Amino acid sequence: MTKKALITGITGQDGSYLAEELLQRGYEVHGLVRRVALEAPQRRTERIAHLLDKVILHPASLESYPSIFHIVSRYDFDECYHLAAQSFVAESFADGFSTMNTNINGTHYMLAAFRELRPQCRFYFAGSSEMFGKVREVPQSESTPFHPRSPYGISKVAGFDLTRNYREAYDMFCVNGILFNHEGPRRGFEFVTRKISHTVARIKLGLASKLRLGNLEAQRDWGHAQDYVQAMYLMLQQPEPDDYVIATGESHSVGEFCDRAFAELNLDYRKYVVIDERFRRPAEVDQLVGDSTKARKVLGWRPKYTFDELVREMVQSDLEALSRAEGREISRLGSVP
Ligand code: GDD
């Protein structure tokens with residue numbers, strides 16, 4: 001029997017990679033999307049444009065329990081990957097209320113609808129390393145206490161607790177992935193890695209002269225989203241539900257990311273990066289580095305991409321796309337072998 005999966009956030013970076021992964025595995029893939037996305041498909045479903053005739057999209061809003069209930073009632077889903085959220089940390093400082101409403105209630109609505117209609121469906125919640133916040137230990141594992149430092153982080157801790165509680169209280173197969181930062185060429189432009197890779201390519205092509213950033217000292221454990229969606233899938237294939245940290249175990253500062261990205265195109269980042277206080281956050285998460293020993297042992301998961309490969313792919317992909325848009329010859333300008 002063909003397995004049916006529902007992905008919330010299917011139009012995002014992770015949702016698009018996960019949809020590809022599940023389609024390849026023979027799943028019938030359903031996606032929950034906002035109605036505005038269906039009404040403007042060129043702009044809002046860009047990352048899954050190549051999959052539009054292979055996936056089944058349903059209009060719904062995470063803010064509306066009836067809309068979620070309606071879709072869950074119509075199909076006998078085997079697995080649900082709940083990825084949709086307001087996921088930009090800086091925005092959560094600007095409007096904490098919207099972030100909390102969407103992220104906490106949205107997760108609760110999803111869980112409640114599945115409990116009511118499909119309690120056998122396996123449920124994945126996209127937890128985050130942002131939950132560790134002001135970190136209590138280095139590296140962070142499943143047993144590290146949470147100390148979130150943003151409304152976004154707080155909303156993810158609530159989602160994590162809700163998911164665990166549905167597992168314990170109602171005996172549902174609910175798991176939390178505690179994913180550290182994961183990036184790639186499909187990353188949104190508001191996140192620092194894509195902002196850097198895109199601006200580096202623009203500078204190389206003479207389309208920009210400066211890159212304005214906030215805190216260059218913050219350290220992140222950056223992996224590739226394509227590797228991380230494999231872990232989501234593996235978590236739902238286990239005999240028992242559990243929570244897993246997914247990380248590379250390597251951490252780099254924002255400054256180091258800049259250094260590598262500019263060097264990829266033979267540029268020196270110190271000539272172009274300008275510190276702009278507007279991009280600093282009221283409370284910062286200084287150092288994230290994950291210990292994914294459990295996932296490696298139990299799931300047999302490990303990342304394939306190295307840090308250098310990740311940066312190279314992002315910069316070269318932006319350079320190629322911008323060159324195409326500018327009508328220039330597509331060349332791997334100054335690529336470091
Ligand atoms: N976005 C952004 N823009 N970040 C900047 C900038 C800037 O101009 N300058 C410095 N930074 C720093 C931020 O202060 C932060 O310390 C770091 O770069 C990474 O920021 P983001 O790329 O926005 O990601 P994040 O770590 O806050 O959150 C991401 O990872 C989480 C997992 O830990 C998001 O993907 C979250 O949704 C995810 O849960």
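Each remark here, short or long, concerns the structure printed above.
The structure presented is a predicted model; accordingly, all values stated were derived computationally and were not measured.

*Asks:* I tried to follow the overall build of the protein chain on my own but got confused; where do I start?
*Replies:* Looking only at helices and strands, one finds twelve helices and 13 strands in the protein chain. Dimensions of the protein chain along its principal axes, counting C-alpha atoms only, are 60 × 45 × 40 Å. By residue count, 52% of the 337 residues in the protein chain fall in the buried class. As presented, the protein chain carries roughly 15,000 Å² of accessible surface, and 47% of it is formed by carbon and sulfur atoms. Within the protein chain, one finds 43 positive and 45 negative side-chain charges whose respective centroids are separated by 3 Å.

*Asks:* Could you clarify how one ought to interpret the pairing of strand E4 (residues 79-82) in this entry?
*Replies:* Burial of E4 is two-sided: the residues Glu79 and Tyr81 facing one way and the residues Cys80 and His82 facing the other way are all buried. For strand E1 (residues 4-8) and E4, the ladder comprises four bridges, and the chain directions are parallel. Its bridge partner lying in E4, leucine 6 is registered against cysteine 80. With four bridges joining them, E4 and strand E5 (residues 122-128) adopt parallel strand pairing. Within E5, the position partnered with glutamate 79 by the bridge is arginine 122.

*Asks:* Hey, could you run me through the sheet that holds strand E2 (residues 28-33) in this one?
*Replies:* The pairing of strands in a sheet comes from backbone hydrogen bonds and takes either a parallel or an antiparallel form. The seven strands lie next to each other as E3-E2-E1-E4-E5-E6-E11, forming an open sheet whose pairing is parallel. Each edge of the sheet is formed by a strand with only one pairing partner; in this case those strands are strand E3 (56-59) and strand E11 (244-246). Each strand axis lies, on average, 20 degrees off the axis of its neighbour in the sheet, ignoring direction. In the packing of helix H6 (residues 96-117) onto the sheet, contacts are made with E1, E2, E4, E5 and strand E6 (174-179), and the angle to E4 comes to roughly 170 degrees.

What counts and what doesn't
- Residues numbered from 1 in each chain as written.
- Predicted model: local features only at pLDDT ≥ 70, side-chain atom pairs only at ≥ 80, totals over all residues.
- Heavy atoms only, no water.
- Helix = DSSP H or I, 4+ residues; strand = E, 2+ residues; numbered from the N terminus.
- Buried < 20%, exposed > 50% of the residue type's maximum accessible area, 1.4 Å probe, protein only.
- Areas by Shrake-Rupley, 256 points an atom, 1.4 Å probe, with all protein chains shown as cover.
- Lys, Arg positive; Asp, Glu negative; His and termini not counted.
- Charge placed at Lys NZ, Arg CZ, Asp CG, Glu CD.
- Pairing = 2+ DSSP bridges.
- Axes fitted to C-alpha atoms, helices over the stretch in contact; angles between N-to-C directions.
- Contact = heavy atoms within 4.5 Å.

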